[in-house]
Amino acid sequence: MRLCLEARQLACERDDRPLFGQLDFALGSGDIVQVEGPNGSGKTTLLKILSGQLGDYQGELFWNGVSLRQNRDHFLANLLYLGHAPGVKAGLTALETLAWYQALAGDIPSEDTSLEALAQWGLAGFEDVPAHQLSAGQQRRIALARLLLQPRPLWILDEPFTAIDRNGVALLESLIQAHANAGGCVVVTTHHRLDIARLGRIRLGVTGE
Amino acid sequence: MRLCLEARQLACERDDRPLFGQLDFALGSGDIVQVEGPNGSGKTTLLKILSGQLGDYQGELFWNGVSLRQNRDHFLANLLYLGHAPGVKAGLTALETLAWYQALAGDIPSEDTSLEALAQWGLAGFEDVPAHQLSAGQQRRIALARLLLQPRPLWILDEPFTAIDRNGVALLESLIQAHANAGGCVVVTTHHRLDIARLGRIRLGVTGE
Amino acid sequence: MNRPNEPQRGADAAVVAMLKRDLMLLLRQRGDVINPLVFFALVITLFPIGISPEPALLAVVAPGLLWVAALLAALLSLDGLFRSDFDDGSLEQWLLAPQPTALLCMAKVLAHWLLTGLPLALIAPLLGVMLALPAGSYWALCVSLALGTASLSLIGAIGAALTVGLARGGVLLSLLVLPLYIPVLIFGSGAVSAAVVGSGLAAHLAILGALLAVALMLAPWAIAAALRISING
Amino acid sequence: MNRPNEPQRGADAAVVAMLKRDLMLLLRQRGDVINPLVFFALVITLFPIGISPEPALLAVVAPGLLWVAALLAALLSLDGLFRSDFDDGSLEQWLLAPQPTALLCMAKVLAHWLLTGLPLALIAPLLGVMLALPAGSYWALCVSLALGTASLSLIGAIGAALTVGLARGGVLLSLLVLPLYIPVLIFGSGAVSAAVVGSGLAAHLAILGALLAVALMLAPWAIAAALRISING
Amino acid sequence: MWAFIQKLRSPKWFYAIGGKCQPWFWAAALGLIALGSVWGLAFAPADYQQGNSFRIIYVHVPTAFLAQSIFVSMAACGLAFMVWKIKLADMAASVMAPIGALMTFVALYSGAVWGVPTWGTWWIWDARLTSMLILLFLYIGVIALRRAFASLEGGARAASVLAMVGVINIPIIKYSVDWWYTLHQPASFTITGRAAMPMAMWAPLLVMVVGFYCFFIALTLTRTRSEILRREGGKRWVRELVEEGADGL
Ligand code: HEM
Ligand SMILES: Nc1ncnc2c1ncn2[C@@H]1O[C@H](COP(=O)(O)OP(=O)(O)OP(=O)(O)O)[C@@H](O)[C@H]1O
Ligand SMILES: Nc1ncnc2c1ncn2[C@@H]1O[C@H](COP(=O)(O)OP(=O)(O)OP(=O)(O)O)[C@@H](O)[C@H]1O
Ligand SMILES: [Mg+2]
Ligand SMILES: [Mg+2]
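Procedures and definitions
Residues numbered from 1 in each chain as written. Chains lettered and ligands numbered in written order. Predicted model: local features only at pLDDT ≥ 70, side-chain atom pairs only at ≥ 80, totals over all residues. Heavy atoms only, no water. Contact = heavy atoms within 4.5 Å. Buried area = accessible area lost by both parts, 1.4 Å probe. Salt bridge = Lys/Arg side-chain N within 4 Å of Asp/Glu carboxyl O. Polar contact = N/O pair within 3.5 Å; in protein donor to acceptor, adjacent residues only side chain to side chain. Helix = DSSP H or I, 4+ residues; strand = E, 2+ residues; numbered from the N terminus. Nonpolar A, V, L, I, M, F, W, Y, C, P; charged D, E, K, R; others polar. Donors = N, O, S within 2.8 Å, 3.2 Å for Na, K, Ca; no water. Buried < 20%, exposed > 50% of the residue type's maximum accessible area, 1.4 Å probe, protein only. Patch = residues over 30% accessible without salt bridge, like charges linked within 9 Å, V, L, I, M, F, W, Y side chains within 5 Å. Areas by Shrake-Rupley, 256 points an atom, 1.4 Å probe, with all protein chains shown as cover. Lys, Arg positive; Asp, Glu negative; His and termini not counted. Charge placed at Lys NZ, Arg CZ, Asp CG, Glu CD. Pairing = 2+ DSSP bridges. Core = buried A, V, L, I, M, F, W, Y, C linked by side-chain atoms within 4.5 Å. Domains from an automatic or database assignment.

J.: Help me understand the interface of chain D and chain B in this model?
T.: One frequently used descriptor of interface size is the decrease in accessible area upon assembly of the parts. Chain D puts 34 residues into the contact, and the matching count from chain B is 45 residues. Buried surface at the junction of chain D and chain B, both sides included, amounts to about 3,200 Å², of which 55% is carbon and sulfur. Linking chain D to chain B there are 4 salt bridges. Across the salt bridge formed by Glu92 of chain D and Lys48 of chain B, the nearest N and O atoms sit 4.0 Å from each other. Run the count over chain D and chain B and you get 9 residue pairs in polar contact (both at pLDDT 80 or more). Listed by contribution, the elements that provide at least two residues to the side of chain D that touches chain B are helix H1 (11-28), helix H4 (80-87), helix H5 (90-95) and helix H9 (201-232) of chain D. A total of 8 residues in the side of chain D that touches chain B trace back to one element, the largest contributor, which is H1 of chain D. Residue composition of the side of chain D that touches chain B, by class: 16 nonpolar, 10 polar and 8 charged.

Structure below.
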């Protein structure tokens, strides 16, 4: 069975302003899709809908053929979502944060793999520093280290390149590519020009206001 | 008299880790300087020091030849600082926010110029929407509209391109260039590759962790 | 990675991790544990100053004052229960975890009670002494507060969940939650008064226990639902 | 743009703009104005429930209870005074404005008092009736609360400024501020009690006025200094 | 004066001077406290009304005095830190706060224990007791605020501001509490209203008070010195000092 997230006639409006309508797409193994559009065109809104956080949309979403509303648990077990806020507690260290995320996912926390993931993200030496003493980019790197730790097929990433320096951008791009090659599926928004082969696109707000 | 921000032997450490040391530079009319460095190298810290917000540094800062610590009022009257947080109140509309910033600077708020500035930033039609109903990028655009409204010679901008789409990036770059050509001075951090002529650079954390 | 993951089991591990994390965060900022206690003590100090220092008068109003002050201390500490998770995006992450949200909420409420309600119950006798509370009712004070604050934490968490997305939730939270606190207050202060008089203590405590049982059954679902609504807003 | 700007005058315009903005924000989320009032009313309701519904007893404790409840309501509403500005970055912007920070702080405190302290003073008589407060002291209740809450707002703003950068400042704020509130509470509730007895009201009000004068002189500087510290931390 | 302030800027200088003074203060403190205790507990006559319970005075009064003095010195240090940016002053303030809180607590506790035989109750809302309790809260507030800040510098400044605001309020609180007490209740028993003590009781008390002050100074010196080492751990002179110490061993 392939994994598959499918949207049929997806439409959403906020405050009576239509954001997008008649979206139809199906994402499966190996797909990388960039959601594009100017500021305020509804990218974040779309990602929140796709990750099951926002309920007021028209149309239907299907996960492996079953409507998302009925299949939420199965869907969530396959999803890794990173939003605008990094989800990193100011009072916890990087290691503690990752251990908590692993436990939350039902995995057994393993310090070795966490250390490795942090080292890969350039946080070696900062594993035991409370996050509020880290810079904006370092905090986001902790969140991104989850990509290496939690094997979920579907990644939904909302502006993951924010505050990340150039090495970090290259690393993230290679991770996204590798994930798709391994059969995963990635939905990403960014204003960067992504350096990725076989990139699908969903354009929002092209007709504009 | 040229305007001039000068740093002599500027050094800063946080939690016993030296961030940078022996920085010497002088910024004057027409200069554009990009502060570069990987995540956590101290860019934000440097900008907060330069804008007089962070006091625990070694070395001296001078504004037009007088130490910054004695000359704060003069300095602030010449400074426009945009930080990581946009400084846009969720409950206020774009117009109200701009009017408040103008009054705060001692200028007489003028609705026409505000409307013009907002339109230039693509917010026509959103002038009277409370900011919490705007997207991340739209909120930042309100803050950036201040660049058009408040004629201050020295701009200090911390990652101003965050969440801004490509048109916005081009606009901001042209504004920075125009400001420098008109005799202003700009200090900016970003991980973008700036498309700007005669760009000075301050590199932080090259030896770094 | 070609096969979709099945929903994981491991809910108990997740609940334990949540409990551990919250206890750790609270204990790390030691202030979070001590502050409600000090607030309790301070409010108790305000009353004799505002009302009158006469021991005879104070003894009469002591059970009510102690309970009201403990209730306010528990209430105020609730505001941060979900807010910090909301602000830094952790909340949306753990709502997306493939675990029963209600259980995770329970873990958070338990951590809160362990480090707020329980300590309040334990120091209440000391403040009782200062208010000239008649001897013999200290035990009732402790037990009724321990039982009662557990219900307060559960009920309060619903309010905290509903207001988490709103700026300045603090006062709105009080508004939502205080009316629901009234039954607990009645039977809690009733228990202490009964102990002073020397009658009917067991009945009051039994009712407090029953309230707690109801809260335990219903609150977690309500909290989980409220959180979903809040992040949707 | 080759000549540096001189420091601007226009401080009065900035102060007025700040006042207007804060009033607008508070009035727009109407909850922020009503919530302290409802909290006040609810706490006053809790006491008869917790203590005893006997009017004779209530009348004795009424001045103290009313003052303590008003004080807590004013205190709780303070937490948000600078916090929302801090969270969205407005605070760092207005601290960088070329205007005297102390004056801008005053404008914020004034807005807070106009929409919190003053309404509390105005509805207090209504709650006084519910607590069987003897007639003839209502006027004293209003005036003492109006004067007193102004001091409370000023003093409390210092605490709010000190804790603005801290997670969960709420309870810490109470801890810092409540001890400093005690003189105001003593003379405030003293004024009401004096009015009940029918003596010495003027002296109490005069002292409340003097406290306010001291607070007006010193607090703005302390608030400004505290804010600078908080954004530095 | 200015030269002295300049000297105070250097923790190194203070470390050396403090090291020289501290043994004397410790010796004086231990000597006086030992003398005072033996004298007060064993030789001073028992009170004709209270019997032996009055001997609590030898702990109670010195700690009560200290509790107030320490807050004032803490605020003075805060002022020095904020105005002249003397880091040393803040180090001293930071070690004083817990000592002050402890003294306040001991004064309260000894007073409460003493209250049982004399007043028949642990606690009454007497003016002086109440203002002492509030002082304890102020101490806790200063300590909690300092801890709540992540950065040392921020915590130091915030605690200084609070200490200064608090010290302005202490006389106001004292005055208002006195006023409140006289209003609410006739003074049926007060601490102050007693006749002057006989010399035989008073002399050991004086010894104890001076001893406690010496103890406070000595403890502050010692703890400030270790605070200097902790905060200046990276500085060259500290590292040299540590190496010297290692050589010496
Ligand atoms: C918790 C209860 C008590 C507290 C908080 C307390 C507080 C104080 C304070 C602050 C002082 C120093 C006054 C000053 O600075 O001039 C003091 C002194 C004194 N206290 Fe207490 N006290 C308490 C209970 C008692 C009791 C029960 C007695 C004995 C009946 C007592 C007897 C004294 C005496 C004799 C002095 C010295 C008199 C003087 O210097 O004015 N205290 N107490
Ligand atoms: N509040 C703080 N307390 C202590 N240390 C801090 C604090 N904030 C930042 N730091 C430390 O200072 C260093 C520099 O932080 P800064 O925010 O200046 O980095 P930056 O260059 O802006 O990074 P980024 O590109 O991620 O924004 C970081 O390594 C961090 O560990
Ligand atoms: N909470 C909200 N309530 C009402 N309308 C909203 C809300 N959040 C966003 N909107 C509206 O929805 C539109 C899309 O917002 P969204 O955040 O999805 O944009 P985006 O494409 O992610 O933009 P950006 O590139 O700036 O992040 C915006 O125009 C905004 O006006
Ligand atoms: Mg977005
Ligand atoms: Mg930065």
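J.: When you look at the coordination of the iron atom of ligand 1 in this model, what are you seeing that I'm missing?
T.: By definition of the ideal shapes, a tetrahedral metal site with four donors has angles of 109.5 degrees and an octahedral site with six donors has angles of 90 or 180 degrees. Protein coordination of the iron atom of ligand 1 is limited to a single donor, His60 of chain E (NE2), positioned at 2.0 Å. Positionally, His60 of chain E belongs in helix H3 (residues 57-84).

J.: How do you make sense of the coordination of the magnesium ion (ligand 4) when you look at a structure like this?
T.: Residue and element names in this part refer to chain A. Around the magnesium ion (ligand 4), the protein contributes the donor atoms Thr44 (OG1) and His84 (NE2), which lie 1.9 to 2.7 Å from the metal centre. Pair noted here: Thr44 is in helix H1 (residues 43-50) and His84 is in the loop between strand S6 (79-82) and helix H3 (94-104), with a separation of 40 residues, a long-range link. Given the relative accessible area of 26%, Thr44 is considered partly exposed.

J.: So what exactly am I meant to see when it comes to a negative patch on the surface here?
T.: Judged by side-chain charge, Glu111, Asp112, Glu116 and Asp128 of chain A come together as a negatively charged surface patch. Along the chain, Glu111 of chain A turns up in helix H4 (residues 111-120).

J.: I would appreciate a short explanation of the pairing of strand S3 (residues 32-36) of chain A in the present structure.
T.: Each regular strand shows side chains that alternate between the opposite faces of the sheet. Residues and elements named next belong to chain A. The element S3 is largely enclosed, with a buried count of 5 among its 5 residues. Burial of the side chains of S3 extends over both faces: Ile32, Gln34 and Glu36 are buried on one face and Val33 and Val35 on the other. Pairing analysis gives 4 bridges linking S3 to strand S8 (residues 185-189), with the strands arranged parallel. When the bridges of S8 are listed, Val33 appears paired with Val187. For S3 and strand S9 (residues 199-203), the ladder comprises 5 bridges, and the chain directions are parallel. Paired with Gln34 across the two strands is Arg201, which belongs to S9.

J.: What am I meant to see in the nonpolar core here?
T.: What tends to happen in soluble globular proteins is that the nonpolar side chains get buried as a cluster. The biggest cluster of nonpolar side chains holds 246 residues, and the ones touching the most others in it are Trp94 of chain C together with Trp94 of chain D. Apart from residues lying up to four places away in sequence, Trp94 of chain D is in contact with Trp100 and Leu104 of chain B together with Met18, Arg21, Phe82, Asp85, Thr101, Leu104, Cys105, Lys108 and Leu227 of chain D.

J.: I'm lost on the pattern of salt bridges in this one. Help?
T.: Where charged atoms of side chains with opposite charge meet at close range, the side chains can pair. Here the structure, examined in full by the defined rule, presents 31 salt bridges over all chains. One salt bridge in this structure joins Asp85 of chain C and Arg21 of chain C, with 2.7 Å as the shortest N-O distance. Of this pair, Asp85 of chain C sits in helix H4 (residues 80-87) while Arg21 of chain C sits in helix H1 (residues 11-28), placing them 64 residues apart in sequence. Asp85 of chain C gets classed as buried once you look at its relative accessible area, which sits at 1%. Between Asp90 of chain E and Arg146 of chain E there is a salt bridge, and its shortest N-O distance comes to 3.1 Å. With Asp90 of chain E in helix H4 (residues 87-119) and Arg146 of chain E in helix H5 (residues 127-148), this residue pair connects regions lying 56 residues apart in the sequence. Classification of Asp90 of chain E as buried rests on a relative accessible area of 2%.

J.: Whenever I open this one, the domain arrangement of chain A confuses me. Can you help?
T.: Residues and elements named next belong to chain A. Its domain assignment divides chain A into domain 1 (1-78 + 152-209) and domain 2 (85-151). Computed over C-alpha atoms, the centres of domain 1 and domain 2 are 24 Å apart. Interface area, domain 1 with domain 2, both sides summed: about 1,100 Å², of which 68% is carbon and sulfur. Here domain 1 is connected to domain 2 by 1 salt bridge. Note that Asp165 is salt-bridged to Arg141, the shortest N-O span being 2.7 Å. There are 2 residue pairs in polar contact (both at pLDDT 80 or more) connecting domain 1 and domain 2. Contributions of two or more residues to the side of domain 1 that touches domain 2 are made by strand S7 (154-158) and helix H6 (166-181). Of the residues belonging to the side of domain 1 that touches domain 2, the class tally is 9 nonpolar, 2 polar and 4 charged.

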